[in-house]
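Summary of structural features
Below, each chain spelled out in residue letters.
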Amino acid sequence: MISDQDHPAHAGGPGGSPETGQVQISVDAMGSDLGPAAVVAGCALSVRNNPHVHIILHGDTAVLEPLVARQPALTGRCVLRHAERTVTMEDKPSHVMRHGKGTSMWSTIEALSLGDAQAAVSCGNTGALMAVSMLLLRRMEGVSRPAIACLWPSLGKHRFNTMLDVGADVKAEPQDLLAYAIMGTTYFRNGFNEARPRVGLLNVGTEEHKGRAESKIAFDLIARHQETGRYEFVGFVEGSDIPSPRVDVIVTDGFTGNIALKTGEGTAKLVGDVLRESLRSSFISMLGALLSRRAFELVSARVDPRRVNGGVFLGLNGTVVKSHGSADATGVAAAIALAAKLAQSGYQGRMAERLVIAAQAAQESEPEGESE
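Residues numbered from 1 in each chain as written. Predicted model: local features only at pLDDT ≥ 70, side-chain atom pairs only at ≥ 80, totals over all residues. Heavy atoms only, no water.

1. Notes on the pattern of salt bridges
Under the defined criterion, the tally for this structure stands at 10 salt bridges. Across the pair D116 and R81 runs a salt bridge whose closest N-O atoms are separated by 3.1 Å. With a gap of 35 residues between them, D116 in the loop between helix 4 (104–113) and strand 5 (119–122) and R81 in strand 4 (residues 78–82) connect regions that are remote in the sequence. An identical accessibility class is assigned to D116 and R81; each is buried. Measuring nitrogen to oxygen at the nearest pair gives 2.7 Å for the salt bridge that ties D273 to R276. Within this pair, D273 and its partner R276 are both found in helix 9 (residues 254–279), separated by three residues, close to a single helical turn. Ionic contacts of the salt-bridge type, sharing partners, join the residues R145, D169 and D176 into one network. (Salt bridge = Lys/Arg side-chain N within 4 Å of Asp/Glu carboxyl O. Helix = DSSP H or I, 4+ residues; strand = E, 2+ residues; numbered from the N terminus. Buried < 20%, exposed > 50% of the residue type's maximum accessible area, 1.4 Å probe, protein only.)

Spelled out as structure tokens, the structure:
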């Protein structure tokens, strides 16, 4: 373990190292519900699993130094940056924007904005993290509202679908939903090597005459820009389609998406709890559980939210991954792994290009006098 003062960032590009393939991930150590020990353990697990990952860890060094010292895997792979204050879950985003400098969250995003890191990870307050990220990183051209994208276990060939927005903004205009389609497509394409992802617009039914007026306008916009965004639009999809093989990218506003996400997580927990209770109810049930143990382990691994932990902020000039506040070491390591993969994929440049093309095409298609 070394402090930032002992190990200044090298010149030569993002990430602070000339070594080929090395990626620096800026991590907020203080935002977790489980405390900094869980974050440090997750960092150690991530560097053991990926030899290219190096960590810039932000927080109170008096707290972090002994925790890092107990993780041999972090020796020479972790730099500490001192930040005295922590953003709490009760802090309002507007307050953090004005007074957040000096917090571990601010320091984490600032390192990304300065080019010292290639991606950032935090378990902290979602609203505050988005506010600080928008302030320091700025929005991409063509993006009015950034979005949070999550991975959702599915029956499709890639075993995961992507849904956005799941909570960055409760509102979304039709043009925002088009931007979400393009951003989600680029994210999915680079994450799963799918040349032409299928996009669906979440609605109360699949029929074109159903839904709000804004949804129908968004339907036409997304359908019109299939070639610009390099996706296949499958039309309206319902809540039951979120885990289905029919679609790869599900587009919706943050209010609806967040409710769907939390409902799915709650339902998964309910099913797991009821199943465990049932399997312990009698000797025969316990014997059946023992015989089916391998099958249960495979199912658990596939839908374990810790292993797909991390909502990605899309539409910003930088890669930010929001980990669950309650994530343990496995969850934090998964979020760091996702951040590293995205940082190395170069998806940001391709996304920016598609957004600009779509914005220009939309502007050119507007009738004269309506382009204000």
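2. A look at the nonpolar core
Soluble globular proteins tend to bury their nonpolar side chains together. One finds I25, I55 and L57 to be the most contacted residues of the largest nonpolar core, which totals 65 residues. Broken down by element, the residue count for this core peaks at nine residues, all from helix 6 (residues 174–192). Counting residues in each nonpolar core, the second largest holds 27 residues, with V87, V96, L137 and V237 among its members. (Core = buried A, V, L, I, M, F, W, Y, C linked by side-chain atoms within 4.5 Å.)

3. Some words on the packing of aromatic side chains
Under the definition given, this model contains three aromatic pairs. Relative to F192, the ring of F188 has its centre 4.7 Å away and its plane inclined at 35 degrees; by these criteria the two rings are tilted. Placement of the pair is F188 and F192 together in helix 6, with a separation of four residues, close to one helical turn. Exposure remark for F188: the relative accessible area of 0% places this residue in the buried category. When its relative accessible area of 21% is taken as the criterion, F192 is described as partly exposed. Considering the side-chain rings of F219 and F233, the 5.0 Å spacing of their centres and the 70 degrees angle between planes classify their relative orientation as edge-to-face. Of this pair, F219 sits in helix 7 (residues 213–224) while F233 sits in strand 9 (residues 232–237); the two residues are 14 residues apart in sequence, bridging distant segments of the chain. According to the relative accessible area criterion, F233 is buried, its value standing at 12%. Feature note: the residues F219, F233 and F236 constitute an aromatic cluster, connected by ring pairs. (Phe/Tyr/Trp six-rings, centres within 6.5 Å; stacked < 30°, edge-to-face > 60°.)

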